[in-house]
Amino acid sequence: MNFTKYPLYRICLCLLCCALAIPVLAQQKQATIKGVVQDSVQNKNLPFATVGLYHISNQEKPLRNILTDNKGRFEFTKVDTGRYILFATNSGFAEKSSLPVSITGDVAIIEIPALQLTPSHKDLAAVTVSARRPLIEQTEDKLIYNTEADPSNTGQMATDVLRKTPFITVDGEGNVRLNGQTNFKVLLNGKETAMFTKNAKEAMQSFPANLIKSIEVITSPSAKYDGEGVGGIINIITKKKIVGYNGNIGINQNTLGNTSVNANMSFKYGKFGLSGYYGLNRADGIKARNASETESFNPVAFYKRISTGQRKNNNFYNYGNIELSLDIDSMNTLSTYGSINGGRSENVNHRIFNLIAPNKIDTTTTIFDDNFSFRYPSWNWGTDFIHKFRRNAEQELTLKMFHDYSDDNNLLLSDQYTAGSHRSVINDNKASNRQSTWQLDYIHPFKNKMKLETGLKLITRNASALYQSQYRYSPNDKFIIDSSNSDNFHYRQYVYGAYATWRFSIKKLSFRIGSRIERTVIDGNFVKSNTTVEQDYLTFMPSFFVSRKFANIHTLSLSYTKRLSRPYIWDLNPFVQNTDSLNLNFGNPHLDPEIYHSIELGYTVLKGKTNINIRLTENFSNSQIARYSYFNENTGVTSWTMDNIGTYSSTGLSGNMAVSFTSKWRLNTNLGVRYDFVKNKLNPAQKNNGLGGWGNINTNVDITKKITAFFNANLNRAPAQLQGFYGLNYWYGFGGNIKLLKDKLTASLNLNYIFQKEVGWKSSLGDKNFHTNSWNYRPGRIVNIGLRWNFGKLSENVSRKRGVNNDDLKANSN
């Protein structure tokens, strides 16, 4: 491996080696802190309660978390000199803190007064795994993975964090699935952004993990969420500490030539708060290779078409966000925020196609070169006003406004060289989307823990696409505009929504019953062809959730939701990507929304050091938007598009388990299996079914208080598609990090696919007329070095801003 190509990599590697070689120059005086945790009502010791040790100056992040033994006792050993505070909690009890504890070196053992926990009167559907910063939290609406509690996330990207998140899988190419499905919504701090709408995979691979506070997984959304998001919702929460000032700067470099630099800072003075972050990711010259083989079962144009090729990719991606908040008084908060993101991507492909004639003897060779460049700038801004009522802190009125502006510009140049012929094509596609959202939410609590949540919402979208195709058959000729594949498309969409959710309890049963109604109005037209697209439909979406807790350890739940997926402009755009004359791709302007029904049975166990979550789900639809291809044996052309032709059902069983074997060794694993059945309702003979599944494991060990080692692995097989299957793929990595200079500097080392020079994935598709196998390969043996510097005074998060959720569009995570 030639490290001289990576000067930044060499610098980081030298710094890391120097850091690991620093000896311990002095030993601080240490002591033991011990005590017990008790039930304040029954005056009995509580076994398996969680106790966290915090430095007095940083009560947000624990130095150590331990569990009490079977007699309710705990003991922190080898505690350095300083001032500390302890927090204790247990499922069904309110949190309790100790008085400050000072260690001066004069006393070897300090026994504190008993920490007596008071039984909590909060909804028993909400439970946590451990105090303050548990790795996994389970609430009625969502499962939360606290990334800050996992030290192995240091120096990694959002893609790596998602690999460890319950019910989420990421394959080797970075494609994300939620409960085995690709149809879900990704939100950033509760808001839909252009960053994750179309380019979710690229954005995840560029967004640093150290900016992420937690990831919320919502598999059964309530009526307060937009109707979109069949598979559920992934909400990425970024760090926002706005008491005093603090921040960090990070840099990462890997041996593929990928460089990431990011920074964030928060500041608060009096009633004013300011927070923001900015980062960029650059990938230069990442090379991959691919191959494919298409066989015609009724050969006319050809018997087989075989290709081999190489791809070189250059990417630049940047993002930034800034938020200004004002606490007008104790009851009113005003905040305004804005962000920019986007970048450019360039893919250069070189492929060789061998076309075997129907006689299976004669062969024609074609050289195919194309250059694809993509620009996707976007920016947004919004304002939130939150009013809380003095008579009850849970009574709340929220007004929100949000505007999002994004462009999507593609330019593709291709050349095909065959003996005696030449073909060049230019595809130029410029699209833009302007979106505005107005939202009103109200929460009204009643006696006996009953609560009403209701709201109104309006989303307006104004999109356009200007596309043009040009061609020529000689390098000396001028390009000619293809008028049949050039037009100007205007698209306007209005979504009017209203919802109501009623939460209440009957004895030990907790209920959430709600409904949402959305009216969608669409007006689109193609200027040149004078073709219009008009839709006006009303969708009623009920939801139901009930849970029952047993022995304060087990929770059983049952839910039903009805969801929909609206196609976005790139699904509707009929522009034909025809750079490869035998492989065409285009959208469908007449797509209707998908309607899905989902039933979920959940079971949660929270006992001591172990947290287990199991989900049995059933999804079905009679209007699935299926991407499919049809093959013309006379011309040899394969055409790809999508339509509402799918009859779909899926049965899945998934589970997550988080275990702390000791205070220094933790393990988190996800397992799942799905059986999918899909059929073309217009052609019942075209159908497919099969098993898909996933599994991942991640574990980390605190070797010392400063050094952590970790290992992660992922195995995934996508569910059956209408016309084929995706092959098994996997990912694995291990490494560690070390904290230096009073924990202000963190150096990390990650090794991915270290035992393989190259990693490959296979996919297959076809019907009665043809069959295609495709292979994709990317480099292995990836070494990543990272450094992160923390500065300022760490303090608690007090922001009350919720943000706008626009989760009503069909997401594209591939």
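Here the structure is a predicted model, which means the values were calculated and not measured. (Residues numbered from 1 in each chain as written. Predicted model: local features only at pLDDT ≥ 70, side-chain atom pairs only at ≥ 80, totals over all residues. Heavy atoms only, no water.)

Trainee: Looking at this structure, how should I read the overall build of the protein?
Mentor: Counting secondary structure elements, the protein contains five helices and 46 strands. Across the 814 residues that make up the protein, the buried fraction comes to 55%. Accessible surface, the protein as shown: approximately 35200 Å² in total, 58% of it carbon and sulfur. (Helix = DSSP H or I, 4+ residues; strand = E, 2+ residues; numbered from the N terminus. Buried < 20%, exposed > 50% of the residue type's maximum accessible area, 1.4 Å probe, protein only. Areas by Shrake-Rupley, 256 points an atom, 1.4 Å probe, with all protein chains shown as cover.)

Trainee: I'm lost on the nonpolar core in this one. Help?
Mentor: In this structure, L162, F207, I234 and I236 are the most contacted members of the largest nonpolar core, which totals 32 residues. Not counting residues within four places of it along the chain, the set of residues in contact with L162 comprises I168, V170, V176, M204, I215 and I234. Counting residues in each nonpolar core, the second largest holds 21 residues, with A49, F74, Y84 and L86 among its members. (Core = buried A, V, L, I, M, F, W, Y, C linked by side-chain atoms within 4.5 Å. Contact = heavy atoms within 4.5 Å.)

Trainee: Got a minute to help me understand the confidence of the model for the protein in this structure?
Mentor: Segments scoring low in pLDDT should not have their predicted coordinates read at a detailed level. The predicted model of the protein averages 83 in pLDDT, with 88% of residues at 70 or higher. Across residues 1-9 the pLDDT falls below 50, and counting only partners more than four positions away or on other chains, this stretch makes 18 contacts in the model. In this model, residues 807-814 is a region of pLDDT below 50 whose contacts with residues beyond four sequence positions or in other chains number 51 contacts. (pLDDT = per-residue confidence, 0-100.)

Trainee: I'm lost on a nonpolar patch on the surface in this one. Help?
Mentor: On the surface, a nonpolar cluster with roughly 970 Å² of combined accessible area is contributed by F550, L556, L558, I599, L601, I614, L616, F620, L653, V673, Y675 and L691. Only β32 (554-565), β35 (594-607), β36 (610-632) and β38 (665-680) provide two or more residues apiece to the nonpolar patch. Mapped onto the elements of the fold, L558 is located in strand β32. (Patch = residues over 30% accessible without salt bridge, like charges linked within 9 Å, V, L, I, M, F, W, Y side chains within 5 Å. Salt bridge = Lys/Arg side-chain N within 4 Å of Asp/Glu carboxyl O.)

Trainee: What is the right way to read unusual backbone geometry from this model?
Mentor: Unusually for a residue other than glycine, K360 sits at a positive phi of about 65°. Locating K360 in the fold gives a position in the loop between β23 (332-356) and β24 (363-375).

Trainee: I keep staring at the packing of aromatic side chains and nothing clicks. Help me out?
Mentor: For any pair of aromatic rings, the description rests on two quantities: the centre-to-centre distance and the angle between the ring planes. The final tally for this structure, using the stated rule, is 28 aromatic pairs. Ring geometry for Y54 and F87: centres 5.2 Å apart, planes at 85°, overall edge-to-face. Of this pair, Y54 sits in strand β3 (residues 50-55) while F87 sits in strand β6 (residues 82-89), and the two are 33 residues apart along the sequence. Here Y54 matches F87 in class, with each residue buried. Seen from their ring centres, F504 and F511 are 5.0 Å apart, and the 10° between their planes marks the pair as stacked. For the pair F504 and F511, one class covers both residues: buried. One aromatic cluster is present, built from ring pairs that chain together Y277, Y317, Y319, F372, F374 and Y376. (Phe/Tyr/Trp six-rings, centres within 6.5 Å; stacked < 30°, edge-to-face > 60°.)

Trainee: What is the right way to look at the pattern of salt bridges in this model?
Mentor: Two side chains that carry opposite charge are able to pair once their charged atoms sit near each other. Tallying each qualifying case throughout the model produces 21 salt bridges. For K400, the salt bridge identified is with D441, shortest N-O distance 3.7 Å. In this pair, K400 is assigned in strand β26 (residues 392-418) and D441 in strand β27 (residues 421-445), connecting sequence segments 41 residues apart. Take K400: its relative accessible area is 9%, and that puts it in the buried class. With its nearest N and O atoms 3.0 Å apart, the salt bridge here joins D523 to R492. Of this pair, D523 sits in strand β30 (residues 509-526) while R492 is found in strand β29 (residues 480-506), placing the two residues 31 residues apart along the sequence. Relative accessible area serves as the criterion here: at 31%, D523 is assigned to the partly exposed category. For R492, a relative accessible area of 23% corresponds to the partly exposed category. Within this structure, R516, E518 and R566 form a network of salt bridges that share partners.

Trainee: How do you make sense of the environment of A419 when you look at a structure like this?
Mentor: For A419, the position within the fold is in the loop between β26 and β27. Along the sequence, A419 and T365 sit 54 residues apart, while their C-alpha atoms lie 7.6 Å from each other.

Trainee: Sorry, what's going on with the side chain of T669 here?
Mentor: As for its position among the elements, T669 is in strand β38. The exposure class assigned to T669 is buried, which follows from its relative accessible area of 15%. Polar contacts involving the side chain of T669 include one to the main-chain carbonyl oxygen of N696, which spans 2.8 Å. The contacts of T669, once residues within four sequence positions are left out, are G655, N656, M657, N696 and I697. (Polar contact = N/O pair within 3.5 Å; in protein donor to acceptor, adjacent residues only side chain to side chain.)

Trainee: Sorry, what's going on with the pairing of strand β43 (residues 745-752) here?
Mentor: Residues in a regular strand project their side chains so that they alternate between the two faces of the sheet. Within β43, six of the eight residues are buried, which leaves it mostly tucked inside the rest of the structure. With eight bridges connecting them, strand β42 (residues 729-740) and β43 associate as antiparallel partners. Each residue of the ladder has a partner; that of I738, found in β43, is A747. Of the pairings in the sheet, the one linking β43 to strand β46 (residues 782-792) comprises eight bridges and is antiparallel in character. Directly across from L745, in β46, lies its bridge partner W789. (Pairing = 2+ DSSP bridges.)

Trainee: What's the story with the environment of I215 in this structure? I'm lost.
Mentor: Among the structural elements, I215 can be located in strand β17 (residues 212-218). The class of I215 is buried, set by a relative accessible area of 0%. Along the chain, I215 and L162 lie 53 residues apart, while their C-alpha atoms are 8.1 Å from each other. Apart from residues lying up to four places away in sequence, I215 is in contact with L143, I144, Y145, T147, V161, L162, T165, I234 and N235.

Trainee: Explain the side chain of N644 to me, please; I cannot follow it from the model alone.
Mentor: Within the element layout of this structure, N644 appears in strand β37 (residues 637-660). Of the residues examined, N644 reaches a relative accessible area of 11% and is grouped as buried. Of the polar contacts made by the side chain of N644, one reaches the backbone nitrogen of D592; its length is 2.8 Å. There is a polar contact of 3.2 Å between the side chain of N644 and the backbone oxygen of S623.

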